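Letter by letter, the chains look like this.
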Amino acid sequence: MLTATDDGGKRMSERDIADKILGLLVGGHDTAAATCTFIVKFLSEFPDVYDRVYEEQMEIARSKSAGEVLNWEDIKKMKYSWNVACEVLRLTPPVQGSFREATTDFIFNGFSIPKGWKLYWSVASTHQNEKHFPKPEKFDPSRFEGSGPDPYTFVPFGGGPKMCPGQEYARLEILVFVHNLVKRFKFETLIPDEKMIANPVAVPANGLPVRLFPHKA
Ligand code: HEM
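Since we're looking at a predicted model, the values are computed, not measured.

1. As for the overall build of the chain
Looking only at helices and strands, the chain features 6 helices and 8 strands. Written out in order from the N terminus, the α and β elements of the chain read α-α-α-α-β-β-β-β-α-α-β-β-β-β. Projected onto its principal axes, the C-alpha coordinates of the chain cover approximately 60 × 50 × 35 Å. For the chain, the residues scored as buried account for 33% of the 217 residues in total. Taking contacts inside the chain between residues at least 6 apart in sequence as the whole, the part at least 24 apart equals 61%. For the chain, the accessible area works out to roughly 13,900 Å², and carbon and sulfur atoms hold 57% of it. In the chain, 27 positive and 28 negative side-chain charges are present, and the distance between their average locations comes to 1 Å.

Now the structure itself:
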């Protein structure tokens, strides 16, 4: 960023660079961290889901020799664990939505939207659409089996040309986290119905303290 220039040879200002680094830190770190936190919460609340994730991860763990790290083939086998992560992202999306500018006049649901208007698209309410997610309040990772939800109904990473460029990296870090956590521990949350706050992504107010139960060797 220090050396990059635009087409006219102009460098970015320090303020611009600071803005982009902050965006990357919040966008790249807090989002995935919040997802991992909520995975812990849901897995402790749904022991049957935890057991299936555990089985999937242990099958992969057992196929590795001592000290061998995960590879891309292992990540591709974590299908159920990713369905669980997607259902967590559906119910507790870290990014609540974003803005778009109408590039042309159009009519949506009977509302006339003039060119140039700023529009807010909401992740959370899109994920609560009963037509696409029956009983939307229910935690049900099986929604993501087979071909999964229809296009643009599940949008934790946004959609279209401005979609999150870190999506695949996020999948990698979330699944590596799940693998290393569940193969060592079962866990339970310590504060029932812990309050959620926006910081700016949604997180448990007390940091989701948990009790860890190491698996017997
Ligand atoms: C669970 C994790 C993540 C979630 C839920 C998430 C979600 C999002 C969403 C909703 C957007 C806006 C997309 C749009 O406007 O259509 C976005 C943009 C972005 N994300 Fe992520 N993100 C995650 C992880 C990451 C990671 C790990 C990185 C980088 C390492 C990253 C970098 C970015 C950047 C740079 C943008 C702006 C893209 C642009 O404006 O062209 N994100 N993300």
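2. Regarding the packing of helix α2 (residues 47-62) against helix α6 (residues 167-182)
The contact between α2 and α6 brings their axes to 9 Å, and the two run at 95°. Taken together, the axis directions place α2 and α6 in an arrangement best described as roughly perpendicular. Contact with α2, carried on its side by Y50, V53, Y54, Q57, I60 and A61, involves V178, H179 and V182 of α6 and no other residues of that element. Tallied by class, residues from the contact of α2 with α6 come to 7 nonpolar, 2 polar and no charged.

3. Some remarks on the site of the ligand
Surrounding the ligand, one finds 21 residues, the nearest of these being G27, R100, P156, K162 and C164. Taking G27, its main chain carries an N or O atom lying 3.2 Å from a nitrogen atom of the ligand. In this structure, K162 approaches the ligand through a side-chain N or O atom, which is 3.2 Å from an oxygen atom. At the level of secondary structure, the elements contributing two or more residues to the shell around the ligand comprise α1 (14-45) and α6.

4. A few points about the nonpolar core
Among soluble globular proteins, nonpolar side chains are generally buried collectively. Formed by 30 residues in total, the largest nonpolar core has its most connected members in L43, V53, V84 and I174. The dominant element in this core, judged by the number of residues it contributes, is helix α4 (residues 79-91), at 7 residues. When near neighbours in sequence (up to four residues on either side) are disregarded, I174 contacts A32, T35, C36, I39, W82 and A85.

5. Looking at a nonpolar patch on the surface
On the surface, M1, I21, L22, L25 and V26 cluster together into a nonpolar patch covering about 430 Å² of accessible area. By the secondary structure assignment, V26 is in helix α1. Residue V26 is classed as partly exposed on the basis of its relative accessible area, which comes to 33%.

6. A few points about the packing of aromatic side chains
Using the criterion set out here, one finds 7 aromatic pairs in the structure. Relative to F46, the ring of F42 lies with its centre 6.5 Å away and its plane at 20°, an arrangement referred to as stacked. Taking the relative accessible area as the measure of exposure, F46 reaches 27% and is therefore partly exposed. Ring centres of F46 and F139 lie 4.8 Å apart, and the angle between their planes is 35°; this geometry places the pair in the tilted category. One end of the pair, F46, is in the loop between α1 and α2; the other, F139, is in the loop between α5 (123-126) and α6, and 93 residues separate them in sequence. Taken together, the ring pairs in this structure connect F42, F46 and F139 into an aromatic cluster. The cationic tip of R52 hangs over the ring face of Y80; the distance from NZ or CZ to the ring centre is 3.9 Å. Above the ring of W82, the side-chain terminus of R171 is found at 6.0 Å from the ring centroid.

7. Quick notes on the side chain of R171
Residue placement: R171 occurs in helix α6. When sequence neighbours within four positions are dropped, the list of residues in contact with R171 reads W72, I75 and W82.

8. A closer look at the pattern of salt bridges
Evaluation of the coordinates by the stated rule reveals 12 salt bridges. One salt bridge connects K118 with E101, and the closest N-O pair in it is separated by 3.2 Å. Here the residue K118 occupies a position in strand β4 (residues 118-122), and E101 occupies one in strand β1 (residues 97-101), the gap between them amounting to 17 residues. Assessed through its relative accessible area of 57%, K118 is described here as exposed. In this structure, E188 and R211 form a salt bridge, with 2.8 Å as the shortest nitrogen-oxygen distance.

9. Thoughts on the UniProt feature "binding site: heme" (unreviewed entry) in the chain
UniProt's feature table lists "binding site: heme" (unreviewed entry) at C164, given in the numbering used throughout. Along the chain, C164 turns up in the loop between α5 and α6. Given a relative accessible area of 32%, C164 falls into the partly exposed group.

10. Side note on α6
Given 3.6 residues to a turn, an α-helix orients residues that are three or four positions apart in the same direction. Over its 16 residues, α6 extends 22 Å from the first C-alpha to the last, a length consistent with the 22 Å expected when each residue adds 1.5 Å. Residues A170, R171, I174, L175, V178, H179, L181 and V182 constitute the buried set of α6.

Parameters and conventions
- Residues numbered from 1 in each chain as written.
- Predicted model: local features only at pLDDT ≥ 70, side-chain atom pairs only at ≥ 80, totals over all residues.
- Heavy atoms only, no water.
- Helix = DSSP H or I, 4+ residues; strand = E, 2+ residues; numbered from the N terminus.
- Buried < 20%, exposed > 50% of the residue type's maximum accessible area, 1.4 Å probe, protein only.
- Contact = heavy atoms within 4.5 Å.
- Areas by Shrake-Rupley, 256 points an atom, 1.4 Å probe, with all protein chains shown as cover.
- Lys, Arg positive; Asp, Glu negative; His and termini not counted.
- Charge placed at Lys NZ, Arg CZ, Asp CG, Glu CD.
- Axes fitted to C-alpha atoms, helices over the stretch in contact; angles between N-to-C directions.
- Parallel < 35°, antiparallel > 145°, perpendicular 65-115°, else oblique.
- Nonpolar A, V, L, I, M, F, W, Y, C, P; charged D, E, K, R; others polar.
- Near = heavy atom within 4 Å.
- Polar contact = N/O pair within 3.5 Å; in protein donor to acceptor, adjacent residues only side chain to side chain.
- Core = buried A, V, L, I, M, F, W, Y, C linked by side-chain atoms within 4.5 Å.
- Patch = residues over 30% accessible without salt bridge, like charges linked within 9 Å, V, L, I, M, F, W, Y side chains within 5 Å.
- Salt bridge = Lys/Arg side-chain N within 4 Å of Asp/Glu carboxyl O.
- Phe/Tyr/Trp six-rings, centres within 6.5 Å; stacked < 30°, edge-to-face > 60°.
- Lys NZ or Arg CZ within 6 Å of the ring centre and 35° of its normal.
- UniProt positions renumbered as here; feature names shortened; annotations may be inferred.
- Expected span 1.5 Å × (residues − 1).

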